[in-house]
Amino acid sequence: MSELREAFFEQVGEVLIIFDKELRFVDVNQNFLKTINLKREEIIGKHITQVSPGIEDTPRYQLYLNVIQTGEPVFLDETRTHPSLGNFVSRINVFKVGEGIGMAIQDITDLKEAVDELETFIYKSSHDLRSPISTILGLANLAISDINRDTTDFYFKMVKKKAEELDFILNQLMETASIRKDEKTVHLIDFNEIINEVKNSLAHMNGFKEVRFEEHIDVDQRFYSDKRLLKSILQNLLDNAIKYKHDHADAFVKIIVSTNDGGIKIEVADNGIGIIENLQENIFNMFFRATEKAKGAGLGLYTVKYAVRKLGGRITLNSKQNEGTVFTVYLPNEKIHKC
Ligand code: ADP
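A short tour of the structure in this document, coming up. Just so we're clear, the structure is a prediction, and the values are computed from it rather than from any experiment.

## Section: the site of the ligand
Step number 1: Contacts to the ligand come from 22 residues, most closely from N240, K243, Y244, D270 and L301.
Step number 2: Between Y244 and the ligand, the recorded distance is 2.7 Å, taken from a side-chain N or O atom to an oxygen atom.
Step number 3: Interatomic distance of 2.9 Å between a side-chain N/O atom of D270 and a nitrogen atom of the ligand.
Step number 4: Relative to its unbound accessible area of 530 Å², the ligand is 99% covered by the protein chains.
Step number 5: When atoms are counted within 2 Å of each cavity's grid points, the one that captures over half of the ligand is the second largest pocket.
Step number 6: Elements that contribute at least two residues to the shell around the ligand include exactly α8 (227-243), α9 (300-310) and β12 (324-331).
Step number 7: Residue contributions to the shell around the ligand peak at three residues, all from α8.

## Side note on the environment of T49
Step number 1: Inspection of the secondary structure puts T49 in helix α3 (residues 48-51).
Step number 2: Separated by 12 residues in the primary sequence, T49 and Y61 have C-alpha atoms spaced 9.5 Å apart.
Step number 3: Sequence-distant contacts of T49, defined by excluding residues within four places in its chain, comprise I55, E56 and Y61.
Step number 4: Among the polar contacts made by the side chain of T49, one reaches the side chain of H47 at a distance of 2.7 Å.

## Some details on the environment of I242
Step number 1: With respect to the helices and strands, I242 occurs in helix α8.
Step number 2: A C-alpha to C-alpha distance of 8.7 Å links I242 and F252, two positions 10 residues apart in sequence.
Step number 3: If we ignore the near neighbours within four places in the chain, the residues touching I242 are L202, M205, N206, G207, F208, V211 and F213.

## A short note on helix α7 (residues 191-202)
Step number 1: The terminal C-alpha atoms of α7, which comprises 12 residues, lie 17 Å apart, in line with the 16 Å expected from a rise of 1.5 Å per residue.
Step number 2: Within the sequence span of α7, burial applies to F191, I194, I195, V198, K199 and L202. Looking down the long axis of α7, one finds its buried residues gathered within 130 degrees of arc, a one-sided arrangement.
Step number 3: The inward-facing, buried residues of α7 abut β7 (211-218), α8, β9 (251-260) and β10 (263-270).

## Regarding the layout of surface pockets
Step number 1: Space inside the second largest pocket adds up to approximately 1,100 Å³.
Step number 2: Taken together, 45 residues make up the lining of the second largest pocket; nearest its centre are D239, N240, K243, Y244 and G296.
Step number 3: Secondary structure elements with two or more residues in the lining of the second largest pocket: α6 (152-181), α7, α8, β10, α9 and β12.
Step number 4: With eight residues, α8 is the single largest residue contributor to the lining of the second largest pocket.
Step number 5: Here the lining of the second largest pocket is built from residues that sort into 19 nonpolar, 19 polar and seven charged.
Step number 6: The two domains that each donate at least three residues to the lining of the second largest pocket are domain 2 (111-181) and domain 3 (186-331).

## Quick word on the environment of Y155
Step number 1: Among the secondary structure elements, Y155 is positioned in helix α6.
Step number 2: Sequence spacing of Y155 and I136 is 19 residues, and the spatial spacing of their C-alpha atoms is 9.0 Å.

## Looking at the side chain of H246
Step number 1: With respect to the helices and strands, the residue H246 is situated in the loop between α8 and β9.
Step number 2: Given the relative accessible area of 18%, H246 is considered buried.

The rules we used
Residues numbered from 1 in each chain as written. Predicted model: local features only at pLDDT ≥ 70, side-chain atom pairs only at ≥ 80, totals over all residues. Heavy atoms only, no water. Near = heavy atom within 4 Å. Polar contact = N/O pair within 3.5 Å; in protein donor to acceptor, adjacent residues only side chain to side chain. Areas by Shrake-Rupley, 256 points an atom, 1.4 Å probe, with all protein chains shown as cover. 1 Å grid on protein atoms, 1.4 Å probe; cavity = no way out; pocket = protein on both sides within 12 Å on 5 of 7 lines; lining within 4 Å. Sits in = over half its atoms within 2 Å of the grid points. Helix = DSSP H or I, 4+ residues; strand = E, 2+ residues; numbered from the N terminus. Contact = heavy atoms within 4.5 Å. Expected span 1.5 Å × (residues − 1). Buried < 20%, exposed > 50% of the residue type's maximum accessible area, 1.4 Å probe, protein only. Arc of directions from axis to C-beta. Points joined across faces, edges and corners; volume = space filled by probe spheres on them. Nonpolar A, V, L, I, M, F, W, Y, C, P; charged D, E, K, R; others polar. Domains from an automatic or database assignment.

The following block contains the structure:
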C-alpha cells in the first residue's frame, strides 16, 4: 500500500493534503512540503491553524468545515501575489476522505492568464477592430451617395488610412500569435548585426532622425539564442523608445548589452516621456496603452513579454515620468543550457 501511495502521491503534479475531521494534517506529499519549506515530521499531526495562522478567520476555513459536515466536494481558485514574480493562481479541490477531507491543489496560473487574455481579446476586438471597420463603412456610404464628386478623393484617402490602421493591428496580432506558437531555433547571435537590422527597419519612423543612438556591446562569450525572437524584442523596445521620446533636443536611446550570470543582459534606455508609476504594472498586458499619446495598438510589449518568456528570460522596467524609461532583458545562453 505504501508503495502505491508513494507512486501516486509523489508523481502527480498537484499538491496533495489529507486532513482529519479536526483539520489536523494526516498526510501530505513532497510538492506540499516544498511550498512551505518544512519536513514531513514537522507537519503531520499539526492543526491547520499552526501552519497557516489566521486561516480560521477566512471563508476558506468555513468551506473546509462545510465539506467535512456535508460531504459535498467544492473547488475554489485562489490568487497569491509575489512581490517580484507576480500573481500565482491555484485551483483547490476539496473533497471528503474518510471522516476528514482531502485537498488537491493545482497551479493554474498559465491557464488563468490564457483565459483572461482570451476574454480581453474578445472584448477589445469588438472595440479596436470594429471601430476602423465602422468608419470605413461610413465613408464608403458617403462616397457612394455623394453627388459632389470633388470630395470622393478625400473619402478614399480616409478609407485607406483606416484600412491601414486595421491592417497594422492585425499584423501585430499575427506577429504575437506566431511568436507564441512557432518552434524556437537557436543561432549564434551577432548583436551588432541585429541592432543594425532593427535600426534600419525603423528608419522610416517619425522622429527617428532626431534620436541619438548609443550602443555598448560587451559580451565576452559566444551567445546563442533565437534570432527572430531577439530581433522582435529589440524592434518593439526601440520602436517605443523612439515613439515616446520627449520633444526636447538631445533625445537618446542607449542599448547596452553585457554578460550576466552565464547569459546576457540587454538594457534599452531612453530619456523620453516615461510611464506613470501606477500604470507600470499593466504595461505588458494585451492592448494596454499608458498614455493618450499612445501611437500603437498596445501589443508591442505584450509581444515582448512572450518572446522573453519563450527564450527562458525575464524583463524588468524602470521608468520615471518626464525623465525616461529603461527596459532590462535578461536572457540565458541557449548553448550553455543544453550542455
Ligand atoms: P503601443 O503599441 O501602444 O506602443 P506597447 O505595448 O508597445 O503599445 O506599450 C504599451 C504602452 O506603454 C504604450 O502605449 C506607452 O504608453 C507605454 N510605453 C512603452 N514603452 C515606452 C517608453 N519607452 N517610454 C514611454 N512610454 C512607453
